[in-house]
Amino acid sequence: MSATGRDLRDFLKVLETERELVRVRTQVDWNLEAGAISRLACERQAPAPLFENVKDYPGQQLAAVLLGPGRPMHARLALALGLENKAASVRQLIDQVKEGLRQRRRPVQVERRSAPCKEVVVPGAEANLLNYPIPWIKSVDGGRYIGTWNIVVVKDPESQWVNWATYRCMLRDEQSFTVLLLPDAQHGGHIFGKYEAAGKPMPIALVIGAHPAAHLAAITSLEHGVSEAEVAGGYLGEGVPLVKCETNDLEVPANAEMVIEAEILPGVRADEGPFGEYTGHVGHGSKAGLARVTCVTHRRNPIHTMANMGKPHDDAAIPQSILLSAVAEERLKRHGIAVKAVYYHTPQVAPAIAVKPEPGVHQRILGVLLTSPRMAQHGAIFVDEDVDVTDLQEVFWAMSTRMHAKSYQVIDNAMANPLNPALTPEDRQSLQTGFWVVNAWLPYTWSAEYRHAYTQVADFANSWPEDLKRKVLERWHDYGYER
Ligand SMILES: Cc1cc2nc3c(=O)[nH]c(=O)nc-3n(C[C@H](O)[C@H](O)[C@H](O)COP(=O)(O)O)c2cc1C
Ligand SMILES: [Mn+2]
């Protein structure tokens, strides 16, 4: 068994031991209060709250911002990935994710009688989603959000490939909720298009409260055909137990806290949003697919979960920055491009990329990023290999000192992400926008003499002979320094 255990409850114990979880015993209202507390917890890098006493819902709990900003920032993500050191560096986290992506493991099928998520089975006709402490997170949101830290499971009717992803889901009434499906950018939306063209409902399973390894797989940007269940096994270090649904042939993590089986109706759209988003701005409302519940199964005294996105940082940005960086490094490597490192300070938006400047290399990288959904939606920042892209201060230093005004580029007609707050009214019409490229690297065409005269870095590493540096490092504490 991995260090973080097999289910959400094991993980909560790990968080508690590591002082990254607070049990909130005071009664808290699901209506805005839980949202306000968990947002402030993100902004203060305070532990994740586990609301044990939710108004109107005795016996049920609500866990918020499980992988949100901790101390240090990525502490809870490090623990979710099975690392013992919660102070693991961003670089170590990206490498751990890459290891999980390489070491995928097949899921293990389990019988329904040994699946904790089936302890209570509520048939569709009796299901009432208002029986669960679904939070209204922010005042600006369009409703109560049943799915923010969830896994939406769907099957491609053509290839039978199963996709897991996290798509926000808003409660509509006792037996229905909306699912935000975007046909161009998501697998879920693309697959739904196939059901809808055939006039058929799309069966889905909305999974709440699985082990974080499963949620991490669901939010990793993977290509069509890759099994997120196997990637979850890679992150967990062992095959994830799956069990069949009651009313469709999908499979779900057997030890999840709750599974809502439903179908998304063809040709039907309902109001969805607005919703406070990972860009730190509120995503506008639109029309979304409508899911009708066919069955609810859950553990006794289920623990519900919620994310709380907002102005950095939040529990979407923390995991997704690391996951996307790992995926981008792997994908660029597969295209034969030797980048030193990629890091997303805000996921999906504008990666910082360290690469040795060579003729054409930046264009080749842009070619890959711009044709991979979610890889780069606003822009890209290129720096030299000596810059640590995970350190915002270094990236900003490179931008401020090495970028020539004339090297700034704009690429026209890039795909627009509707959540981009900088889109003009015209961009929103055409769903196209400009893509900016910051070239914060020094031209490789300059001679060695010119570089030596004007571009030497003045820091500890570059300004003294090796033997003197070694001596200073060895004697550091002798000088009276404690750190
Ligand atoms: C907390 C959280 C909420 C998310 N909500 C959405 C969402 O509502 N819609 C969406 O398209 N992506 C959302 N994402 C991002 C996707 O889950 C992620 O990009 C995933 O890899 C998409 O999978 P897909 O490629 O199978 O569509 C969310 C991510 C997180 C961490
Ligand atoms: Mn996918």
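Not measured: the values here are computed from a predicted model. (Residues numbered from 1 in each chain as written. Chains lettered and ligands numbered in written order. Predicted model: local features only at pLDDT ≥ 70, side-chain atom pairs only at ≥ 80, totals over all residues. Heavy atoms only, no water.)

Undergrad: What am I meant to see in the site of ligand 1 here?
TA: Taken together, 21 residues lie near ligand 1, and Thr-166, Tyr-167, Arg-168, Gln-186 and Arg-374 sit nearest. Between Gln-186 and ligand 1, the recorded distance is 2.4 Å, taken from a side-chain N or O atom to an oxygen atom. The separation between an oxygen atom of ligand 1 and a polar side-chain atom of Arg-374 is 2.8 Å. For ligand 1, the accessible surface in isolation is 640 Å², of which the surrounding protein chains cover 95%. (Near = heavy atom within 4 Å. Polar contact = N/O pair within 3.5 Å; in protein donor to acceptor, adjacent residues only side chain to side chain. Areas by Shrake-Rupley, 256 points an atom, 1.4 Å probe, with all protein chains shown as cover.)

Undergrad: Just checking my understanding: could you explain the packing of helix α4 (residues 90-102) against helix α8 (residues 317-334) for this structure?
TA: Helix-helix packing: each pair is described by the crossing angle between the helix axes and the interaxial distance. Two elements in contact, α4 and α8, have axes whose closest approach is 9 Å; the angle formed by their N-to-C orientations is 65°. Like other packed secondary-structure pairs, α4 and α8 cross with a definite hand, here right-handed. Listed contacts from α8 to Val-90, Arg-91, Leu-93, Ile-94, Val-97, Lys-98, Leu-101 and Arg-102 of α4 are Ile-322, Leu-323, Ser-325, Ala-326, Val-327, Glu-329 and Glu-330. In terms of residue class, the contact of α4 with α8 is built from nine nonpolar, one polar and five charged. (Axes fitted to C-alpha atoms, helices over the stretch in contact; angles between N-to-C directions. Helix = DSSP H or I, 4+ residues; strand = E, 2+ residues; numbered from the N terminus. Left-handed = near helix turned anticlockwise from the far one by under 90°. Contact = heavy atoms within 4.5 Å. Nonpolar A, V, L, I, M, F, W, Y, C, P; charged D, E, K, R; others polar.)

Undergrad: Please explain the pattern of salt bridges as it appears in this structure.
TA: Pairing is possible between side chains of opposite charge, provided their charged atoms come close. Counted under the stated rule, the structure contains 33 salt bridges. For the salt bridge of Arg-102 with Glu-99, the shortest nitrogen-to-oxygen distance reads 3.5 Å. Placement of the pair is Arg-102 and Glu-99 together in helix α4, with a separation of three residues, close to one helical turn. Of the residues examined, Arg-102 reaches a relative accessible area of 48% and is grouped as partly exposed. Overall, the relative accessible area of 36% leaves Glu-99 in the partly exposed class. For Glu-246, the salt bridge goes to Lys-118, with nearest N and O atoms at 2.8 Å. (Salt bridge = Lys/Arg side-chain N within 4 Å of Asp/Glu carboxyl O. Buried < 20%, exposed > 50% of the residue type's maximum accessible area, 1.4 Å probe, protein only.)

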